[in-house]
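Summary of the model geometry
Residues per chain, in single letters:
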Amino acid sequence: MVDVKIENVYKYYGSIDGVAAVHDLNMDIKNGEFVAILGPSGCGKSSTMRMISGLEHISAGTISFGGNIVNNLAPKDRDIAMVFENYALYPHKTVFDNVANPLKLAKVSSPEITERVKRATQLLEIDHLLDRRPQELSGGQKQRVAIGRAIVRQPQVFLFDEPIAHLDAKLRARMRSELKRLQVDLGVTSLYVTHDQLEALSMADRVAVMHEGILQQYDTPQAIYEKPANAWVATFVGEPQMSLIECVIRQKGSGVVLDFEGHEIAVGAKVGKVLAASKEREVLAGFRPNHVAINTRKTAGSIPGIIYARQLLGGEILAEAQVNNTMIRARVNTDFSLQLGDKCSVSLSKEDLNVFSADTGVAIY
Amino acid sequence: MASREIIRYDNSPLLRLAKILTPIFLAVYLVWTLLPLFIMVMASMKDLLDAFDTPDAGDWGGVAMFFDFTPTLKHYYVLFAENNFGVYLFNSLVASLGSALVAVTLGSMAAYSLARMEFRGKKDLLFWIISTRMAPMVAVTVPLYAIFRSLDLVGTLPGLILAFTTFNLPFAIWILKGFFENVPYAIEEAAQVDGCTRFQAFLTIVPLVAPGVGAFLVLCILFAWNDFLFATIIGSGGAKTLPAATKELVQPQNIDWGKIMAAGVITTAPMIPLGLLVRKYLVAGLTMGAVRE
Ligand SMILES: Nc1ncnc2c1ncn2[C@@H]1O[C@H](COP(=O)(O)OP(=O)(O)O)[C@@H](O)[C@H]1O
Ligand SMILES: [Mg+2]
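All values reported here derive from a predicted model rather than from experimental measurement. (Residues numbered from 1 in each chain as written. Chains lettered and ligands numbered in written order. Predicted model: local features only at pLDDT ≥ 70, side-chain atom pairs only at ≥ 80, totals over all residues. Heavy atoms only, no water.)

Structural notes on the sheet that holds strand S13 (residues 263–266) of chain A
Residue and element names in this part refer to chain A. Here is the rule we go by: Criterion used throughout: strands pair if DSSP finds at least two bridges between them. Secondary structure elements follow DSSP: runs of H or I no shorter than four residues count as helices, runs of E no shorter than two count as strands, and numbering proceeds from the N terminus. Each axis is a line fitted through C-alpha atoms, taken for helices only over the stretch in contact, and angles between the N-to-C directions span 0 to 180 degrees.
Pairing in this open sheet of five strands is antiparallel, and the strands run S13-S12-S11-S14-S20 from one edge to the other. Because the sheet does not close on itself, it has two edges, and the strands there are S13 and strand S20 (354–357). Taking each pair of neighbouring strands and ignoring which way they run, the sheet shows an average axis angle of 45°. In the sheet, strand S12 (residues 255–260) pairs with S13 via four bridges, with the strands oriented antiparallel. Paired with Leu258 across the strands is Ile265, a residue of S13.

Some words on the interface of chain B and chain A
The line we're drawing: Between two residues, a contact is recorded if the distance between any of their heavy atoms is within 4.5 Å. Whenever a carboxyl oxygen of Asp or Glu lies within 4 Å of a side-chain nitrogen of Lys or Arg, that contact is scored as a salt bridge. A 3.5 Å cut-off defines polar contacts: any pair of N or O atoms within that distance qualifies, except that in protein one atom must be a possible hydrogen donor and the other a possible acceptor, and neighbouring residues in sequence count only when both atoms are side-chain atoms. Note that Gly is not counted as nonpolar here; it falls among the polar residues with everything else outside the nonpolar set of Ala, Val, Leu, Ile, Met, Phe, Trp, Tyr, Cys and Pro and the charged set of Asp, Glu, Lys and Arg.
In this complex, chain B contributes 17 residues to the contact, which on the side of chain A involves 23 residues. Taken together, chain B and chain A are joined by one salt bridge. For Arg50(A), the salt bridge is made with Glu189(B), and the minimal N-O distance between the two is 2.8 Å. For the interface between chain B and chain A, the tally reads six residue pairs in polar contact (both at pLDDT 80 or more). Among the secondary structure elements, those contributing two or more residues to the side of chain B that touches chain A are helix H8 (185–194) and helix H9 (198–226) of chain B. Looking at the side of chain B that touches chain A element by element, the count peaks at eight residues for H8(B). Taken together, the residues of the side of chain B that touches chain A sort by class into nine nonpolar, four polar and four charged.

A few points about a nonpolar patch on the surface
Residue and element names in this part refer to chain B. Worth spelling out the cut-off: Without a salt bridge and with relative accessible area above 30%, a residue can belong to a patch; like charges are then joined within 9 Å and nonpolar side chains (Val, Leu, Ile, Met, Phe, Trp, Tyr) within 5 Å. Methods summary: accessible areas were calculated by the Shrake-Rupley approach with a probe of 1.4 Å, and residue burial reflects only the protein chains presented. Burial status follows relative accessibility: with a 1.4 Å probe on protein chains alone, a residue under 20% of its type maximum counts as buried, one over 50% as exposed, and anything between as partly exposed.
Taken together, the side chains of Leu14, Leu17, Ile20, Leu21, Ile24 and Val28 define a hydrophobic patch exposed on the protein surface, amounting to about 610 Å² of accessible area. As for its placement among the helices and strands, Leu21 is situated in helix H1 (residues 13–44). Residue Leu21 is classed as partly exposed on the basis of its relative accessible area, which comes to 46%.

Remarks on the domain arrangement of chain A
It is common to give the size of an interface as the accessible area lost on bringing the parts into contact. Residues and elements named next belong to chain A. As a reminder, the rule being used: Each domain's extent is set by a domain assignment, obtained either automatically or from a database. Throughout, the accessible surface (probe 1.4 Å) given up by two parts as they are put together, summed over both, is called the buried area.
Examined at the domain level, chain A breaks down into domain 1 (4–228) and domain 2 (240–357). The centre of domain 1, based on its C-alpha atoms, is set 40 Å off from the matching centre of domain 2. Listed as interface residues are five residues of domain 1 and, on the opposing side, four residues of domain 2. The junction of domain 1 with domain 2 conceals about 350 Å² of combined surface from both sides, 37% of it contributed by carbon and sulfur atoms. At the junction of domain 1 and domain 2, the tally comes to zero salt bridges. There are two residue pairs in polar contact (both at pLDDT 80 or more) connecting domain 1 and domain 2. Grouping the constituent residues of the side of domain 1 that touches domain 2 by class yields three nonpolar, no polar and two charged.

Considering the packing of helix H4 (residues 139–151) of chain A against helix H5 (residues 169–186) of chain A
Residue and element names in this part refer to chain A. Our working definition: With respect to orientation, any angle under 35 degrees is reported as roughly parallel, any angle over 145 as roughly antiparallel, any angle of 65 to 115 as roughly perpendicular, and every other angle as oblique.
Running from amino to carboxyl end, H4 crosses H5 at an angle of 10°, the nearest separation of the two axes being 12 Å. If you check the angle between H4 and H5, you find them roughly parallel. Contacts between H4 and H5 pair Gly140, Gln143, Arg144, Ile147 and Ile151 from the former with Leu171, Arg174, Met175, Glu178, Leu179, Leu182 and Leu186 from the latter. When its residues are assigned to classes, the contact of H4 with H5 shows seven nonpolar, two polar and three charged.

A closer look at the pattern of salt bridges
A side chain of one charge can pair with a side chain of the opposite charge when the charged atoms of the two come close. Residues and elements named next belong to chain A. Within this structure, the stated rule accounts for 27 salt bridges over all chains. The salt bridge involving Arg116 is made with Glu112; its shortest N-O contact spans 2.9 Å. Of this pair, Arg116 and Glu112 both sit in helix H3 (residues 110–123), separated by four residues, roughly a single helical turn. When its relative accessible area of 36% is taken as the criterion, Glu112 is described as partly exposed. Residue Arg329 is joined to Glu320 by a salt bridge in which the shortest nitrogen-to-oxygen separation is 3.3 Å.

Brief notes about the domain arrangement of chain B
All names here are of chain B. Domain annotation of chain B identifies domain 1 (13–72) and domain 2 (75–287). Across the boundary between the two partners, domain 1 contributes eight residues, which contact nine residues of domain 2. Roughly 730 Å² of surface becomes buried between domain 1 and domain 2 when both sides are summed, with 73% attributable to carbon and sulfur atoms. Area buried by domain 1 at its contact with domain 2 is led by Met40, Ser44 and Leu48, which between them contribute 55% of it. Across the domain 1-domain 2 interface, the total number found is zero salt bridges. Taken together, the links from domain 1 to domain 2 amount to two residue pairs in polar contact (both at pLDDT 80 or more). Per-class residue counts for the side of domain 1 that touches domain 2 are six nonpolar, one polar and one charged.

Next up, the structure:
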């Protein structure tokens, strides 16, 4: 159990003049911490993880475990355990031998192997499958075997590369809590790669959001959700998506307001102060769907629009209103009566909003 | 694994016709392939006079004449006692097994690296390897002979093994590369994370390709065993194999059919049990569907 430090790490595949799969990555993972790397497919999550595991060469920069640089250590000398996206079980070995493999390689005595495999498989509820081969297992069972192979020993670091991406939704929900529980119990420093924000936000102590090889934000799930570092993170994290509105900051009296295509959006005093101090004029104002109201009541400051779409999300409805060419989403009650094409008015929260520079996308508030 | 049952949904006349024609075709094919073997075995046990005792064309009743003879093993006896066939059998075995082992050993190493590594010019290298099999062998025989001559390899078993390897190795590299590519690299990565060295990780997947490699070893033995060209030119003299020796039984003044047939049986016989032995792996190995997780 160690802390992991990633300093100025780059990953190039093929020529160094090409695009970096990972670009100048800096991250530190505290001892015992559970960190998730979140990002869309192809953003360099697996590349990062594979450099930590030693399966991929580090093009530039250093990775260290507990202060020791591991750049030139083979995977077996890094004392890590990894769960692969496609499980990567040994097809010709039984479940028992799959799970026992790391212990056999570590030359653990045979009675102890039996004991530890038993303990790990009982924990994962696969102890009745020990004689089966991977072909005879369901996806969920295979995945448990892969996890069993990782937790059967106490490695320095756990690495999970989208371990539950191929399971069905219900099993995924259950595995999320089980994996989290397991990590807390074992207390092993863990890195968890996923493209599923629900997994990242619900399990991790801290989340690293990546986009096109670049780390966008590295913070607690709550901070990522409430204070996204830039417009990209703001729209990527959060389901349903945050609505971004192009506005201009305008002086009004002693404070400022946001001008959205001629409509005036009033902002709270705290936001106003920050906006007034900022040099930016054109900004993107972001509103989460639960901070937007869509209804028929015209009130002061509400914006007229047309209902563009409505989706039932179980206990509530996601309503989408079109204002000129901008879509604004809101969570509304299931008794929401407006239909597609109906006129409506959109009210935006004064306090709960995020503001980004229209130019760079960087958060202003 | 998915069930392999074939489901037929339509019952068209074409399908019904196919149902009738299939057994007929198979029967004809069986006769076509087995009859020569049968005649060979029969003729190898006949006296010279009996062997040429054939009915007139169209006289189907005369077929019984084929079976009207006293079986004798004297041709076999003569081949081993006077014509040194024991030595040739040994040469054939050593040369074909030797070249198959060399081809598969070197081939699997080359195939593994070609399957797992990316490097510039890989496609060209692969094409060059297989192109050595595309050229007609006759074209390379003369230069090869000259090279082997100057290295004193003509008429020796190591020379013959090397000659057979020239055609077995490229084929081995190509086929074995497919076997390795069928094994997901992630398995080797998992092994490395579990604590294997890079080489131990390679060893963990060896059981997965072993059936295919074993089957391919047998194919290489068969190719080398059946080879005639290199056997006569490179192996002539000190390393004569069965096909080359059989050819020498054809003398200008006297063709001894009985001995030739017996030699044919001796050449064919060892390969039949070998084929049966690996039949299961040959199919499973060459299609290689079984290693998928
Ligand atoms: N072995 C490889 N060779 C070349 N390019 C690769 C290789 N692996 C990944 N890449 C590229 O690097 C980028 C990041 O890939 P990856 O780390 O696998 O992303 P993620 O896991 O986030 O989906 C992608 O653009 C991908 O095409
Ligand atoms: Mg990936």
